[in-house]
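Fold and geometry: a report
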Amino acid sequence: MEEIKLTQYSKGGGCGCKIAPSLLQEIVATQQLSSFKNLLVGNDSNDDAAVYQLNEETAIVSTTDFFLPIVDDAYDFGRIAAANSVSDVYAMGGTPLMAIAILGFPIDKLPTSVAQQMLEGARAVCKEANIPLAGGHTIDSNDPIFGLAVTGSVAVKHLKQNNKAKEGDVLLLTKPIGSGVLSTALKRGVLGEEHYTALIEQLTSLNKVGEALGRLAGVHAMTDVTGFGLIGHAIEMAEGSVVSIELIYNNIKKLSGLEEYMKQRTIPDATYRNWNSYSSKVQFEKGVNVLEAFTTLPDPQTNGGLLIAVDAVALEEVRAVLKNAGLENYIEPIGKCIAKKEKTISVQ
(Lines give C-alpha, C1' and ligand atoms only; values in the text may rest on other atoms or scores of the structure.)
Protein backbone atom coordinates (compact mmCIF):
# COMPACT_ATOMS: atom_id res chain seq x y z
CA MET A 1 0.00 0.00 0.00
CA GLU A 2 1.38 3.41 -0.97
CA GLU A 3 2.49 5.50 2.00
CA ILE A 4 0.11 8.35 2.71
CA LYS A 5 1.65 11.73 3.46
CA LEU A 6 -1.02 13.86 5.05
CA THR A 7 0.90 17.11 4.66
CA GLN A 8 0.39 16.83 0.91
CA TYR A 9 -3.23 17.67 1.60
CA SER A 10 -2.58 20.92 3.47
CA LYS A 11 -1.28 24.24 2.20
CA GLY A 12 -0.57 25.27 5.77
CA GLY A 13 -0.38 22.80 8.64
CA GLY A 14 -1.27 23.09 12.31
CA CYS A 15 -1.81 26.55 13.75
CA GLY A 16 -0.07 27.95 10.67
CA CYS A 17 -3.52 27.61 9.08
CA LYS A 18 -4.83 30.50 11.11
CA ILE A 19 -6.19 33.46 9.21
CA ALA A 20 -3.82 36.44 9.39
CA PRO A 21 -4.35 38.53 12.55
CA SER A 22 -5.25 41.70 10.65
CA LEU A 23 -7.92 39.87 8.62
CA LEU A 24 -9.24 38.07 11.68
CA GLN A 25 -9.94 41.39 13.37
CA GLU A 26 -12.09 42.37 10.38
CA ILE A 27 -13.99 39.08 10.51
CA VAL A 28 -14.85 39.14 14.22
CA ALA A 29 -15.58 42.88 14.38
CA THR A 30 -19.12 43.59 15.54
CA GLN A 31 -21.29 46.48 16.71
CA GLN A 32 -23.33 44.21 18.98
CA LEU A 33 -22.46 44.45 22.66
CA SER A 34 -22.66 41.40 24.91
CA SER A 35 -25.48 41.49 27.46
CA PHE A 36 -24.62 38.21 29.19
CA LYS A 37 -23.52 39.19 32.70
CA ASN A 38 -22.23 35.69 33.47
CA LEU A 39 -19.92 35.65 30.44
CA LEU A 40 -16.62 36.35 32.16
CA VAL A 41 -14.48 35.98 29.01
CA GLY A 42 -15.81 36.39 25.48
CA ASN A 43 -14.21 37.19 22.14
CA ASP A 44 -13.52 40.83 22.95
CA SER A 45 -10.16 40.12 24.63
CA ASN A 46 -8.57 37.69 22.15
CA ASP A 47 -8.26 35.13 24.94
CA ASP A 48 -7.78 31.39 24.61
CA ALA A 49 -11.28 30.23 25.59
CA ALA A 50 -14.71 31.48 26.56
CA VAL A 51 -15.59 31.37 30.25
CA TYR A 52 -19.14 31.37 31.67
CA GLN A 53 -19.81 31.68 35.39
CA LEU A 54 -22.21 29.06 36.81
CA ASN A 55 -22.27 30.17 40.44
CA GLU A 56 -20.18 32.17 42.90
CA GLU A 57 -17.35 29.63 42.86
CA THR A 58 -17.31 27.83 39.49
CA ALA A 59 -17.18 28.70 35.80
CA ILE A 60 -17.25 26.64 32.62
CA VAL A 61 -14.41 26.96 30.10
CA SER A 62 -15.30 26.31 26.46
CA THR A 63 -12.98 26.23 23.45
CA THR A 64 -12.53 24.74 20.01
CA ASP A 65 -9.51 24.32 17.76
CA PHE A 66 -8.95 22.46 14.50
CA PHE A 67 -6.56 22.57 11.58
CA LEU A 68 -5.01 20.85 8.56
CA PRO A 69 -2.27 18.19 8.94
CA ILE A 70 1.07 19.38 10.29
CA VAL A 71 2.67 15.91 10.11
CA ASP A 72 2.27 12.94 7.76
CA ASP A 73 1.37 10.27 10.31
CA ALA A 74 -2.37 10.16 11.02
CA TYR A 75 -2.03 8.96 14.62
CA ASP A 76 0.47 11.71 15.45
CA PHE A 77 -1.72 14.29 13.73
CA GLY A 78 -4.61 13.26 15.99
CA ARG A 79 -2.41 13.53 19.07
CA ILE A 80 -1.15 16.98 18.08
CA ALA A 81 -4.61 18.34 17.28
CA ALA A 82 -5.97 17.06 20.58
CA ALA A 83 -3.10 18.40 22.70
CA ASN A 84 -3.39 21.78 21.00
CA SER A 85 -7.14 21.94 21.66
CA VAL A 86 -6.92 20.95 25.34
CA SER A 87 -4.16 23.52 25.88
CA ASP A 88 -6.64 26.40 25.75
CA VAL A 89 -8.35 25.15 28.92
CA TYR A 90 -5.03 24.87 30.74
CA ALA A 91 -4.12 28.38 29.56
CA MET A 92 -7.13 29.72 31.49
CA GLY A 93 -5.99 27.94 34.65
CA GLY A 94 -8.76 25.38 34.17
CA THR A 95 -9.31 21.63 34.29
CA PRO A 96 -10.55 19.89 31.12
CA LEU A 97 -13.70 17.79 31.57
CA MET A 98 -14.52 16.31 28.16
CA ALA A 99 -13.95 16.74 24.44
CA ILE A 100 -15.86 16.16 21.23
CA ALA A 101 -14.20 15.71 17.85
CA ILE A 102 -14.45 17.90 14.75
CA LEU A 103 -13.54 15.94 11.62
CA GLY A 104 -13.59 16.97 7.98
CA PHE A 105 -12.41 14.14 5.77
CA PRO A 106 -11.98 13.63 1.97
CA ILE A 107 -13.55 10.19 1.72
CA ASP A 108 -12.88 10.08 -2.04
CA LYS A 109 -9.13 10.68 -1.55
CA LEU A 110 -8.11 8.84 1.62
CA PRO A 111 -9.09 5.51 3.21
CA THR A 112 -11.26 5.69 6.31
CA SER A 113 -8.50 3.94 8.26
CA VAL A 114 -6.62 7.25 8.19
CA ALA A 115 -9.50 9.03 9.93
CA GLN A 116 -9.74 6.19 12.43
CA GLN A 117 -6.05 6.62 13.31
CA MET A 118 -6.52 10.36 13.76
CA LEU A 119 -9.27 9.65 16.28
CA GLU A 120 -7.15 7.04 18.04
CA GLY A 121 -4.37 9.57 18.46
CA ALA A 122 -6.83 12.06 19.93
CA ARG A 123 -8.18 9.42 22.31
CA ALA A 124 -4.66 8.71 23.55
CA VAL A 125 -4.08 12.37 24.43
CA CYS A 126 -7.54 12.71 25.99
CA LYS A 127 -6.74 9.69 28.15
CA GLU A 128 -3.51 11.40 29.24
CA ALA A 129 -5.57 14.49 30.13
CA ASN A 130 -8.02 12.20 31.99
CA ILE A 131 -11.03 13.20 29.89
CA PRO A 132 -13.34 11.28 27.55
CA LEU A 133 -13.53 11.89 23.83
CA ALA A 134 -17.28 11.80 24.14
CA GLY A 135 -18.55 12.32 20.60
CA GLY A 136 -18.24 14.72 17.72
CA HIS A 137 -19.29 15.64 14.21
CA THR A 138 -17.94 14.70 10.77
CA ILE A 139 -18.30 16.08 7.27
CA ASP A 140 -17.01 15.06 3.83
CA SER A 141 -14.53 17.80 2.89
CA ASN A 142 -11.87 18.45 0.26
CA ASP A 143 -9.06 18.39 2.84
CA PRO A 144 -8.49 16.49 6.08
CA ILE A 145 -9.35 18.75 9.01
CA PHE A 146 -9.27 17.67 12.63
CA GLY A 147 -9.56 19.11 16.10
CA LEU A 148 -11.60 19.11 19.29
CA ALA A 149 -14.14 21.20 21.11
CA VAL A 150 -13.20 21.01 24.78
CA THR A 151 -15.21 21.81 27.88
CA GLY A 152 -13.50 22.48 31.18
CA SER A 153 -14.10 24.05 34.55
CA VAL A 154 -12.25 26.60 36.64
CA ALA A 155 -12.69 28.10 40.08
CA VAL A 156 -13.58 31.74 39.45
CA LYS A 157 -10.83 32.88 41.82
CA HIS A 158 -8.27 30.84 39.85
CA LEU A 159 -9.27 32.06 36.38
CA LYS A 160 -6.30 33.33 34.38
CA GLN A 161 -6.69 35.67 31.41
CA ASN A 162 -4.28 37.06 28.87
CA ASN A 163 -5.02 40.70 29.70
CA LYS A 164 -4.25 40.95 33.41
CA ALA A 165 -0.46 41.42 33.31
CA LYS A 166 0.94 44.25 35.44
CA GLU A 167 3.87 46.59 35.15
CA GLY A 168 6.88 44.89 36.76
CA ASP A 169 5.74 41.33 35.99
CA VAL A 170 8.38 38.96 34.65
CA LEU A 171 7.59 36.68 31.70
CA LEU A 172 8.21 32.95 31.46
CA LEU A 173 7.65 30.60 28.51
CA THR A 174 7.28 26.85 29.08
CA LYS A 175 8.36 25.52 25.66
CA PRO A 176 10.91 26.47 23.01
CA ILE A 177 9.80 28.17 19.80
CA GLY A 178 10.47 27.12 16.21
CA SER A 179 7.88 24.41 15.53
CA GLY A 180 6.62 26.28 12.46
CA VAL A 181 10.04 26.21 10.81
CA LEU A 182 10.62 22.54 11.68
CA SER A 183 7.18 21.44 10.49
CA THR A 184 7.80 23.26 7.20
CA ALA A 185 11.10 21.40 6.89
CA LEU A 186 9.16 18.17 7.42
CA LYS A 187 6.71 19.06 4.67
CA ARG A 188 9.62 19.75 2.31
CA GLY A 189 11.27 16.45 3.17
CA VAL A 190 14.44 17.88 4.74
CA LEU A 191 13.76 17.39 8.47
CA GLY A 192 16.31 15.12 10.18
CA GLU A 193 15.05 12.15 12.20
CA GLU A 194 16.45 13.47 15.48
CA HIS A 195 14.70 16.78 14.97
CA TYR A 196 11.47 15.02 13.97
CA THR A 197 11.44 13.18 17.29
CA ALA A 198 11.91 16.43 19.22
CA LEU A 199 9.21 18.15 17.16
CA ILE A 200 6.64 15.42 17.82
CA GLU A 201 7.43 15.46 21.53
CA GLN A 202 6.85 19.20 21.66
CA LEU A 203 3.67 19.15 19.59
CA THR A 204 2.05 16.40 21.67
CA SER A 205 3.08 17.56 25.17
CA LEU A 206 0.15 18.72 27.26
CA ASN A 207 0.34 22.10 29.00
CA LYS A 208 -1.02 20.53 32.19
CA VAL A 209 1.05 22.83 34.37
CA GLY A 210 -1.43 25.60 33.56
CA GLU A 211 -3.92 24.04 35.97
CA ALA A 212 -1.44 24.29 38.85
CA LEU A 213 -0.35 27.79 37.82
CA GLY A 214 -3.96 28.87 37.92
CA ARG A 215 -4.01 28.35 41.66
CA LEU A 216 -1.17 30.84 42.23
CA ALA A 217 -2.18 34.42 42.97
CA GLY A 218 1.24 35.60 41.79
CA VAL A 219 0.44 34.48 38.23
CA HIS A 220 -1.31 37.56 36.87
CA ALA A 221 -1.82 36.57 33.24
CA MET A 222 -1.39 33.52 31.04
CA THR A 223 -1.88 32.48 27.43
CA ASP A 224 -0.61 29.74 25.15
CA VAL A 225 1.59 30.62 22.20
CA THR A 226 0.12 29.28 18.96
CA GLY A 227 -0.48 30.46 15.41
CA PHE A 228 0.33 34.15 15.82
CA GLY A 229 3.79 33.34 17.16
CA LEU A 230 5.41 34.53 20.36
CA ILE A 231 5.38 38.12 19.12
CA GLY A 232 1.66 38.07 18.35
CA HIS A 233 0.55 36.55 21.62
CA ALA A 234 2.88 38.82 23.58
CA ILE A 235 1.31 41.81 21.83
CA GLU A 236 -2.18 40.56 22.72
CA MET A 237 -1.11 40.26 26.35
CA ALA A 238 0.54 43.67 26.40
CA GLU A 239 -2.25 45.57 24.65
CA GLY A 240 -4.97 43.91 26.71
CA SER A 241 -3.08 44.71 29.91
CA VAL A 242 -2.15 48.29 28.81
CA VAL A 243 1.58 47.69 29.26
CA SER A 244 4.56 47.25 26.96
CA ILE A 245 6.86 44.23 26.99
CA GLU A 246 10.63 43.90 26.82
CA LEU A 247 11.72 40.53 25.41
CA ILE A 248 15.24 39.24 26.04
CA TYR A 249 15.86 37.46 22.76
CA ASN A 250 18.79 35.30 23.87
CA ASN A 251 16.76 33.98 26.82
CA ILE A 252 14.05 32.58 24.54
CA LYS A 253 14.71 28.89 23.98
CA LYS A 254 14.62 27.55 20.42
CA LEU A 255 14.06 24.02 19.16
CA SER A 256 17.21 22.10 18.28
CA GLY A 257 18.00 22.37 14.58
CA LEU A 258 16.10 25.63 14.12
CA GLU A 259 19.13 27.59 12.94
CA GLU A 260 20.00 24.89 10.38
CA TYR A 261 16.53 24.96 8.80
CA MET A 262 16.33 28.74 8.81
CA LYS A 263 19.47 28.73 6.67
CA GLN A 264 17.57 26.48 4.24
CA ARG A 265 14.73 29.04 4.21
CA THR A 266 12.08 26.60 5.39
CA ILE A 267 9.93 29.49 6.57
CA PRO A 268 6.13 29.10 6.86
CA ASP A 269 4.01 31.54 4.88
CA ALA A 270 2.23 32.41 8.13
CA THR A 271 5.47 33.87 9.50
CA TYR A 272 5.28 36.64 6.89
CA ARG A 273 1.56 37.16 7.50
CA ASN A 274 2.17 37.48 11.22
CA TRP A 275 5.05 39.91 10.77
CA ASN A 276 3.05 42.09 8.37
CA SER A 277 0.32 42.33 11.00
CA TYR A 278 2.57 43.12 13.96
CA SER A 279 5.79 44.73 12.71
CA SER A 280 4.67 48.32 13.35
CA LYS A 281 4.38 47.53 17.07
CA VAL A 282 7.87 46.07 17.48
CA GLN A 283 11.30 47.64 17.82
CA PHE A 284 14.67 45.88 17.92
CA GLU A 285 17.40 47.21 20.16
CA LYS A 286 21.01 47.41 19.07
CA GLY A 287 22.81 44.06 19.07
CA VAL A 288 19.80 41.89 18.21
CA ASN A 289 20.11 39.70 15.12
CA VAL A 290 17.07 41.20 13.41
CA LEU A 291 16.95 38.73 10.51
CA GLU A 292 16.97 35.77 12.89
CA ALA A 293 14.48 37.34 15.27
CA PHE A 294 12.17 38.17 12.36
CA THR A 295 12.11 34.48 11.48
CA THR A 296 11.62 33.11 14.98
CA LEU A 297 9.40 35.53 16.89
CA PRO A 298 6.46 35.48 14.39
CA ASP A 299 6.96 31.74 13.71
CA PRO A 300 3.51 30.11 14.06
CA GLN A 301 3.56 27.62 16.94
CA THR A 302 1.28 24.64 17.27
CA ASN A 303 0.54 23.62 20.86
CA GLY A 304 3.25 26.03 21.98
CA GLY A 305 4.22 26.82 25.54
CA LEU A 306 2.43 28.90 28.12
CA LEU A 307 3.43 32.57 28.25
CA ILE A 308 3.12 33.56 31.91
CA ALA A 309 3.19 37.02 33.50
CA VAL A 310 4.37 36.62 37.09
CA ASP A 311 4.63 39.05 39.97
CA ALA A 312 8.36 39.29 40.63
CA VAL A 313 7.86 38.45 44.33
CA ALA A 314 6.13 35.18 43.35
CA LEU A 315 8.81 34.04 40.90
CA GLU A 316 10.30 31.40 43.19
CA GLU A 317 6.87 29.93 43.90
CA VAL A 318 6.19 29.65 40.17
CA ARG A 319 9.62 28.17 39.58
CA ALA A 320 8.87 25.46 42.14
CA VAL A 321 5.67 24.53 40.28
CA LEU A 322 7.50 24.40 36.96
CA LYS A 323 10.27 22.25 38.39
CA ASN A 324 7.71 19.86 39.86
CA ALA A 325 6.21 19.53 36.37
CA GLY A 326 9.60 18.70 34.82
CA LEU A 327 9.97 22.18 33.32
CA GLU A 328 13.13 23.23 35.13
CA ASN A 329 14.64 24.35 31.81
CA TYR A 330 12.04 27.12 31.56
CA ILE A 331 12.39 28.98 34.84
CA GLU A 332 14.48 31.91 33.58
CA PRO A 333 12.53 35.02 32.54
CA ILE A 334 12.38 35.84 28.84
CA GLY A 335 11.28 39.40 29.47
CA LYS A 336 9.22 41.73 31.62
CA CYS A 337 6.25 44.04 31.52
CA ILE A 338 6.99 47.76 31.66
CA ALA A 339 5.00 50.99 31.53
CA LYS A 340 3.21 51.50 28.23
CA LYS A 341 5.39 53.04 25.54
CA GLU A 342 4.95 53.98 21.90
CA LYS A 343 6.08 50.50 20.77
CA THR A 344 4.30 47.54 22.31
CA ILE A 345 7.29 45.17 22.13
CA SER A 346 10.98 45.93 22.53
CA VAL A 347 13.31 43.08 21.62
CA GLN A 348 16.69 43.27 23.39
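Procedures and definitions
The residue numbers shown here count from 1 along each chain, following its written sequence. Whole-chain, interface and lining totals are the exception, using all residues; otherwise, since this is a predicted model, local features are given only for residues with pLDDT of at least 70 and side-chain atom pairs are given and counted only at 80 or more. Each side-chain value is worked out from all heavy atoms of the structure, with water and hydrogens disregarded. Only runs of H or I of at least four residues qualify as helices and only runs of E of at least two qualify as strands under DSSP, and these elements are numbered from the N terminus. C-alpha atoms define the radius of gyration, and 2.2 Å times the number of residues to the power 0.38 defines the globule rule. The buried label applies to any residue whose accessible area, calculated with a 1.4 Å probe on protein chains only, is under 20% of its type's maximum; exposed applies above 50%, and partly exposed to all values in between. Only heavy atoms matter for contacts: two residues are in contact if any of them lie within 4.5 Å across the pair. His is not counted, nor are the chain ends, whereas Lys and Arg count as positive and Asp and Glu as negative. Think of each charge as sitting on NZ of Lys, CZ of Arg, CG of Asp or CD of Glu. Paired strands are those between which DSSP finds at least two bridges. Angles run from 0 to 180 degrees between N-to-C directions of axes, and those axes are lines fitted to C-alpha atoms, restricted for helices to the stretch in contact. Working definition of a nonpolar core: buried Ala, Val, Leu, Ile, Met, Phe, Trp, Tyr and Cys residues. They are joined through side-chain atoms within 4.5 Å. By definition here, a salt bridge exists when the distance from a side-chain nitrogen of Lys or Arg to a carboxyl oxygen of Asp or Glu is within 4 Å. In this description, the arc belongs to the directions extending from the helix axis to the C-beta atoms. Any Phe, Tyr or Trp ring, taking Trp's six-membered ring, that has another such ring centre within 6.5 Å forms a pair; planes under 30 degrees apart are called stacked, those over 60 apart edge-to-face, and the others tilted.

**Some points on the overall build of the protein chain**
For the protein chain, the count of helices and strands is 11 helices and 13 strands. Taken against the 2.2 N^0.38 rule, which gives 20 Å for 348 residues, the C-alpha radius of gyration of the protein chain at 19 Å falls within 12% of a compact globule. For the protein chain, the C-alpha atoms occupy an extent of roughly 60 × 50 × 45 Å along the three principal directions. For the protein chain, the proportion of its 348 residues judged to be buried stands at 55%. For the protein chain, the proportion of contacts with a sequence separation of at least 24, taken over those separated by at least 6, is 85%. Here the protein chain holds 30 positive side-chain charges and 40 negative ones, and the gap between their average locations is 4 Å.

**Brief notes about the sheet that holds strand 4 (residues 95-105)**
Judged by pairing direction, the sheet is mixed, and its 6 strands sit side by side in the order 1-2-3-6-4-5 without closing on themselves. Of all the strands in the sheet, the pair left with one neighbour each is strand 1 (39-41) and strand 5 (133-140). Across this sheet, the average inter-strand angle for adjacent strands is 20 degrees, counted without regard to direction. As judged from the 4 bridges shared by strand 2 (residues 50-53) and strand 3 (residues 58-67), these two strands associate in the antiparallel manner. Paired with Val51 across the strands is Val61, a residue of strand 3. Each of strand 4, strand 5 and strand 6 (145-155) touches helix 3 (residues 112-128); the most contacted strand, strand 4, lies at about 170 degrees to it.

**Some words on the nonpolar core**
Judged by nonpolar contacts, the single largest core of 51 residues is most densely connected at Val51, Met118, Phe146, Leu148 and Leu182. Breaking this core down by element, the ones donating at least two residues are strand 3, helix 2 (74-91), strand 4, helix 3, strand 6, helix 4 (179-187), helix 5 (193-204) and helix 8 (258-263). In terms of residue count, the dominant contributor to this core is helix 2 (9 residues). Judged by nonpolar contacts, the second largest core, of 31 residues, contains Leu173, Ile235, Ile252 and Ile334.

**Brief notes about the pattern of salt bridges**
Taken as a whole and judged by the stated rule, the model has 7 salt bridges. One salt bridge connects Lys263 with Glu259, and the closest N-O pair in it is separated by 3.9 Å. Pair noted here: Lys263 and Glu259 are both in helix 8, with a separation of 4 residues, about one helical turn. Judged by its relative accessible area of 63%, Lys263 is exposed. A single salt-bridge network, built from bridges that share partners, covers Glu316, Arg319 and Glu332.

**A short note on helix 9 (residues 269-278)**
Buried within helix 9 we find Ala270, Thr271, Asn274, Trp275, Ser277 and Tyr278. All buried residues of helix 9 lie within an arc of 160 degrees about the axis, which places them on one face of the element. Residues of helix 9 that are exposed and point over 90 degrees away from its buried face: Asp269 and Asn276. Where helix 9 is buried, its residues meet helix 1 (21-28), helix 7 (229-241), strand 10 (282-284) and helix 10 (290-296).

**Focus: the environment of Ser10**
In this structure, Ser10 sits in the segment before helix 1. Counting along the chain gives 60 residues from Ser10 to Ile70, while the straight-line C-alpha distance between them is 7.9 Å. Setting aside residues no more than four positions away along its own chain, Ser10 makes contact with Leu68, Pro69 and Lys187.

**Comments concerning unusual backbone geometry**
Of note in this structure, Asn130 is not a glycine but carries a positive phi near 65 degrees. By the element assignment, Asn130 lies in the loop between helix 3 and strand 5. The exposed category is assigned to Asn130, whose relative accessible area is 68%. Of note, the phi angle at Arg265 is positive, near 60 degrees, even though the residue is not glycine. Mapped onto the secondary structure, Arg265 falls in the loop between helix 8 and helix 9.

**Topic: the packing of aromatic side chains**
Summed over the entire model, instances satisfying the criterion amount to 5 aromatic pairs. For the pair Phe67 and Phe77, a centre-to-centre distance of 6.1 Å together with 35 degrees between the ring planes defines the contact as tilted. Of this pair, Phe67 sits in strand 3 while Phe77 sits in helix 2, placing them 10 residues apart in sequence. Given a relative accessible area of 3%, Phe67 falls into the buried group.

**A closer look at the pairing of strand 4**
Side-chain positions along a regular strand alternate between the two faces of the sheet. Judged from the 9 bridges that link them, strand 4 and strand 6 form a sheet pairing that is antiparallel. In the strand pairing of strand 6, Ile100 is matched with Ala149.

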